[in-house]
Amino acid sequence: MTHSIRIENITKRYGSVTAIDDVSLDIKDNEFFALLGPSGCGKTTLLRTLAGFETPQSGRVFVAGNDVTDTPARNRPLNLMFQSYALFPHMSVEKNIAYGLEMEHLPRAEIATRVADVLNSAQLGAFANRRPDQLSGGQRQRVALARALVKRPKVLLLDEPLSALDKKLREEMQLELKRLQAEVGITFLIVTHDQEEALVMADRVAVLNAGRLAQVGTPQDLYEHPNSHFVAGFIGVMNFLDGMASPKGVEVPGAGLIRGASDVIGAASVAVRPERVMLMDSDPQDGRNAVSGTVFDTAYHGSDLAVHVRVCDGKHVIIARMQAGQFDPASIATGKQVYCVWDAAHSRVLATA
């Protein structure tokens, strides 16, 4: 597998602030890759450095095997799609898409063929003669994407491309982006702060924290096997019980030994996903972890229900998630005494942040 992008030991500082701290990444050909992290973690700075809009203090950037660290942005085989879409309001959809090719003075016949192809791929043929103000938010997003794709870059960079859309349209466009990426067969690199968006769309995800690379992996790897307290808490919802590590798990005050594979020494947290937790009326005493507590709140999400249970004399809360319609409401009434039960295999033991 060859690499579209190689980032080697990139460091970028603004005065005394280090935005990117010695980050290295390899992104494969035709991969849908996501940079994920909270605001201010350095993901957009890393994208702009890759695009050529920022110059790093140290490190190198390679695209398709070529060192482009000192290459101006306009000469890099990349295209960047901005949050705002930046469409020309006085031009038709077709003219917006063709503009970049016209600036390169390509033959008219080639421009017409490439524009027609991308209009078809983006399902925009019926809107070719409309102006941007005559389009919906999702249609404008597709026009901006088509304008970037028509130049046939080796890599397409997308900076929070769905942030301006409402939830339902965002979900539709996530699938649309995946379809287009698979169809055109080029590398997509997307920056997002939305964990669900990254998990749904990307083949692999790099999680950044305070300018450093926290973990890289497939969505399933990051969700099921986070390597740190930060990643576990940032990706989805996670329950944490704090205590001291032991060879068999974590000794948690008020709960005893919570079992889970551990190579941690000292202060530690045992982490478990809400969907792995079952609620039972009594301790099954079958080797599974079982922590007693009191139901104090429920949150209805439509397809499922999150039940909040105070445990360890009220020092911790465990959230159990269950499918709606598959439980007796009396079993989760406020004030109900329950046991939160899960297999030791679903515990992650992590050094306390």
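It should be noted that the structure appears before, not after, this text.
Residues numbered from 1 in each chain as written. Predicted model: local features only at pLDDT ≥ 70, side-chain atom pairs only at ≥ 80, totals over all residues. Heavy atoms only, no water.

Asker: What should I look at first to understand the overall build of the chain in this one?
Answerer: The secondary structure content of the chain amounts to eight helices and 20 strands. Counting across all 353 residues of the chain, residues that qualify as buried make up 46%. As displayed, the chain has an accessible area near 16,800 Å², and 49% of this comes from carbon and sulfur atoms. Taking the average location of the 37 positive side-chain charges in the chain and that of its 40 negative ones, the two points are 5 Å from each other. (Helix = DSSP H or I, 4+ residues; strand = E, 2+ residues; numbered from the N terminus. Buried < 20%, exposed > 50% of the residue type's maximum accessible area, 1.4 Å probe, protein only. Areas by Shrake-Rupley, 256 points an atom, 1.4 Å probe, with all protein chains shown as cover. Lys, Arg positive; Asp, Glu negative; His and termini not counted. Charge placed at Lys NZ, Arg CZ, Asp CG, Glu CD.)

Asker: Which parts of the structure should I look at to understand the pairing of strand β2 (residues 17-28)?
Answerer: Successive residues of a regular strand alternate their side chains across the two faces of the sheet. Pairing analysis gives eight bridges linking strand β1 (residues 3-14) to β2, with the strands arranged antiparallel. From the neighbouring strand, K12 faces β2, where its bridge partner is I20. If you look at the hairpin formed by β1 and β2, you'll find two residues sitting between the two strands, and G15 has a positive phi there, around 65°. (Pairing = 2+ DSSP bridges.)

Asker: Quick question: what am I supposed to make of the side chain of Q139 here?
Answerer: With respect to the helices, strands and loops of the structure, Q139 is situated in helix α4 (residues 137-149). Separated by 2.8 Å, the side chain of Q139 and the backbone nitrogen of S136 make a polar contact. Residues within four places of Q139 in sequence aside, it is in contact with L124 and F127. (Polar contact = N/O pair within 3.5 Å; in protein donor to acceptor, adjacent residues only side chain to side chain. Contact = heavy atoms within 4.5 Å.)

Asker: Just to check I follow, could you spell out the state of the cysteines for this structure?
Answerer: Between two cysteines, a covalent bond joining their sulfur atoms is known as a disulfide. Taken as a whole, this structure holds zero disulfides when the rule is applied. Note on C312: no disulfide assigned, nearest cysteine sulfur contributed by C340 at a separation of 9.4 Å. In this structure C312 comes out as buried when scored by relative accessible area, which is 3%. (Disulfide = S-S within 2.5 Å.)

Asker: Can you help me understand the environment of P153 in this one?
Answerer: With respect to the helices and strands, P153 occurs in the loop between α4 and β7 (155-159). Considering only alpha carbons, one finds P153 and I10, 143 residues apart in sequence, at a separation of 23 Å. Aside from chain neighbours lying at most four places away, what touches P153 is P77, L78, N79, A148 and I186.

Asker: Which parts of the structure should I look at to understand the pattern of salt bridges?
Answerer: Once the charged atoms of two side chains with opposite charge are near each other, the side chains can pair. What the rule picks out here adds up to 15 salt bridges. Between R204 and E31 there is a salt bridge; the shortest N-O distance is 2.6 Å. Note that R204 is positioned in strand β9 (residues 204-209) and E31 in the loop between β2 and β3 (32-36), a separation of 173 residues in sequence. Between D67 and R60 there is a salt bridge; the shortest N-O distance is 3.0 Å. (Salt bridge = Lys/Arg side-chain N within 4 Å of Asp/Glu carboxyl O.)

Asker: What should I look at first to understand the packing of α4 against helix α5 (residues 167-184) in this one?
Answerer: The relative placement of two packed helices comes down to the angle between their axes together with the axis-to-axis distance. Closest axis-to-axis distance for the α4/α5 pair is 11 Å, and the angle between their directions is 20°. Taken together, the axis directions place α4 and α5 in an arrangement best described as roughly parallel. For the crossing formed where α4 meets α5, the hand is right-handed. Contacts between α4 and α5 pair G137, G138, Q141, R142, L145 and L149 from the former with L169, M173, E176, L177, L180 and V184 from the latter. Of the residues assigned to the contact of α4 with α5, the class counts are seven nonpolar, three polar and two charged. (Axes fitted to C-alpha atoms, helices over the stretch in contact; angles between N-to-C directions. Parallel < 35°, antiparallel > 145°, perpendicular 65-115°, else oblique. Left-handed = near helix turned anticlockwise from the far one by under 90°. Nonpolar A, V, L, I, M, F, W, Y, C, P; charged D, E, K, R; others polar.)

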